[in-house]
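Close look at the chain arrangement
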Amino acid sequence: MKLGRSLRFELSRRDLLKSALVSTGSIAVLAAARPPKRILIAGAGLAGLSAAYELVQSGHQVTVLDARDRPGGRVLTLRDSFADGQYAEAGAETFGETHNFVQHYVRSLQLETIPAWSYGKLASLVFRDGRRSPSSSELSRKYVLPAIKEIGDPLSDGWPSTDLLRQFDRISMAELLKSRGASPEEIAQLQIVYSDSWDNGTAPDSALCLLRDEAIARKGASFRIRGGNDQLPKALAKSLGGRLHYRTTLERINQNNKHVRVTVNTSGRRSQISADYLICAIPFTVLRSIPVSPAFSEGKQRAIRELSYNSVTRVYVQSPTRSWVTDGLSGYAATDLPVGTVWDCTEGQSGARGILECYTSGERARRLAGLPEPERIRTVVENLQRVFPGVNYEKAVSIAWDADPLVKGAFAWFKRDQMATLLPHIARREGRVFFAGEHTSPWFGWMQGALESGNRAAHEVNES
Ligand SMILES: Cc1cc2nc3c(=O)[nH]c(=O)nc-3n(C[C@H](O)[C@H](O)[C@H](O)COP(=O)(O)OP(=O)(O)OC[C@H]3O[C@@H](n4cnc5c(N)ncnc54)[C@H](O)[C@@H]3O)c2cc1C
């Protein structure tokens with residue numbers, strides 16, 4: 001985690017020279033490989049791809065493998081499901097102007113961005129207890145924004161301090177708000193706006209996890225990649241050429257003091273690959289069932305076993321017109337219905353049609369994921385029409401990230417007390433095995449985190 005900061009743009013030139021990194025003016029790059037190493041990278045999401053990209057540039061011999069038949073993992077643009085050439089993001093959707101790793105790769109791969117969430121005069125809604133009302137930030141200003149301020153900058157050196165962990169990681173958001181005088185009614189209102197899983201029985205989320213996410217999301221203006229976010233991993237993958245192998249699943253990891261040897265399964269055929277180092281850029285939810293010999297340290301094993309991931313189910317409904325805009329609405333609505341939070345994901349796209357995206361997390365996501373797709377869509381459309389009565393259902397598609405066997409969840413989302421107990425172990429190397437992936441970054445849950453972790457792991461291997 002600490003190394004993550006050493007790769008930030010804010011580094012002075014002197015710091016860069018001290019850490020044997022050379023600045024391109026916007027992002028730190030690795031010094032030339034001396035000598036070149038054989039590096040295997042498991043996972044061609046943004047973490048594995050960015051690690052590979054940087055290591056290839058510095059002259060290492062790199063092989064990347066991924067179990068899927070495409071790059072990008074959780075950056076997936078749904079293109080074939082809708083009319084008019086419109087598209088929607090199944091995974092990562094927007095990023096901020098301060099997300100410097102994303103901005104860097106978007107610029108260097110010559111991709112264009114469009115502004116996100118720029119609603120101008122269009123109004124957003126809250127739908128609760130069967131009634132629509134204009135969305136208001138009064139309660140957020142009273143209870144949540146001061147807490148976000150108190151946790152400071154999640155990217156500052158040494159964040160989170162022991163003091164922050166003591167204050168904010170041991171309690172859930174509901175407990176935090178209660179301790180600050182919020183009534184049960186106010187907590188219920190805020191929960192609709194922020195998260196489904198504030199207080200789900202015995203294992204509520206850490207308040208610090210949620211506040212950190214809000215702090216990251218609120219940093220400046222937001223953007224999408226024009227034409228779809230999947231262009232970013234596709235461009236990184238293209239630069240790797242034949243070094244990238246699809247339909248190849250990591251099944252076993254062995255290491256000794258000379259090399260790493262992994263067993264892989266390529267479309268049903270097993271083989272072994274040896275390398276000097278492995279960068280493991282696959283989610284812990286998947287790594288937890290991969291045999292490792294000799295076993296990782298106790299702390300790492302616990303982190304791999306216990307790190308919690310949020311559940312997210314999304315349903316996209318394409319309508320022949322954007323009737324909500326005609327009604328003076330942005331299409332954004334926080335609701336207490338099975339549709340979760342709704343927004344217009346065709347903002348900035350051409351065409352008369354529009355797609356409303358219904359985003360559920362936590363318990364609501366798991367309930368929707370449990371339904372067969374036709375019923376899932378029917379449930380969502382019926383409820384969506386209560387919020388936006390003019391919406392006509394033309395086409396709909398859904399994605400339940402819990403059901404994807406190569407991630408089994410959406411993104412790392414720490415339970416109460418997990419940031420204090422698991423964070424120190426998550427990114428730490430184990431012999432010749434290094435770790436990347438959003439879950440290993442202070443920006444977990446974001447593309448920025450995946451890219452930052454890829455850069456950090458590449459730097460660690462290069463220095464090794
Ligand atoms: C619903 C949702 C909404 C999101 N919204 C945003 C957002 O608005 N903005 C934002 O910036 N970020 C968002 N994110 C987060 C962002 O998508 C992730 O942080 C990032 O894409 C993760 O990249 P990664 O490389 O760490 O993991 P992944 O993209 O999951 O890549 C890991 C790769 O490993 C492969 N793999 C898994 N197991 C094996 C195995 N055994 N062998 C070989 N390969 C394997 C997988 O196929 C996958 O390609 C969202 C994510 C989700 C799911």
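In what follows, the accompanying structure is described.

We now examine helix α12 (residues 298-306). All buried positions along α12 are accounted for by Gly299, Lys300, Ala303 and Ile304. The buried side chains of α12 occupy one side of the element, clustering within an arc of 130° when seen end-on.

This part is about the nonpolar core. One recurring pattern in soluble globular proteins is that nonpolar side chains are buried together. Counting 73 residues, the largest nonpolar core has Leu211, Ile253, Phe284, Leu287, Tyr316, Phe414 and Met419 as its most contacted members. By residue number, the principal contributor to this core is helix α9 (residues 207-217), which donates six residues. For this core, the domains that each give at least three residues are domain 1 (2-71 + 231-308 + 428-463) and domain 2 (113-225 + 310-403). Non-local contacts of phenylalanine 414, meaning those with residues more than four positions away in its chain, are made with Asp205, Ser206, Cys209, Leu307, Ser308, Met419, Leu423, Ile426 and Phe444. Within the second largest apolar cluster, 39 residues are counted, among which are Val75, Leu232, Ala281 and Ala450.

Let us look at the side chain of glutamine 103. Tracing the sequence through the fold places glutamine 103 in helix α4 (residues 100-108). Its relative accessible area of 14% is what places glutamine 103 among the buried residues. With near-sequence residues (within four places) excluded, glutamine 103 lies in contact with Phe95, Gly96, Glu97 and Phe223.

Turning to the packing of helix α3 (residues 46-57) against helix α10 (residues 231-240), a few remarks are in order. The geometry of α3 relative to α10 is characterised by a closest axis approach of 10 Å and an angle of 40° between their N-to-C directions. The handedness of the crossing between α3 and α10 is left-handed. Along the contact surface, α3 presents Leu46, Leu49, Ala52, Tyr53 and Val56, while α10 presents Leu232, Pro233, Leu236, Ala237, Ser239 and Leu240. For the contact of α3 with α10, the class distribution of residues is ten nonpolar, one polar and no charged.

With that out of the way, let us pick up the sheet that holds strand β8 (residues 113-116). Ordered by their spatial adjacency, three strands build an open sheet running β7-β11-β8, and the pairing between neighbours is antiparallel. Every other strand in the sheet has two partners, leaving β7 (95-96) and β8 as the edge strands with one partner each. Strand direction decides the pairing type here: β8 and strand β11 (residues 222-225), joined by four bridges, are antiparallel. What sits directly across from proline 115, in β11, is phenylalanine 223.

Rules used throughout
Residues numbered from 1 in each chain as written. Predicted model: local features only at pLDDT ≥ 70, side-chain atom pairs only at ≥ 80, totals over all residues. Heavy atoms only, no water. Buried < 20%, exposed > 50% of the residue type's maximum accessible area, 1.4 Å probe, protein only. Helix = DSSP H or I, 4+ residues; strand = E, 2+ residues; numbered from the N terminus. Arc of directions from axis to C-beta. Core = buried A, V, L, I, M, F, W, Y, C linked by side-chain atoms within 4.5 Å. Domains from an automatic or database assignment. Contact = heavy atoms within 4.5 Å. Axes fitted to C-alpha atoms, helices over the stretch in contact; angles between N-to-C directions. Left-handed = near helix turned anticlockwise from the far one by under 90°. Nonpolar A, V, L, I, M, F, W, Y, C, P; charged D, E, K, R; others polar. Pairing = 2+ DSSP bridges.

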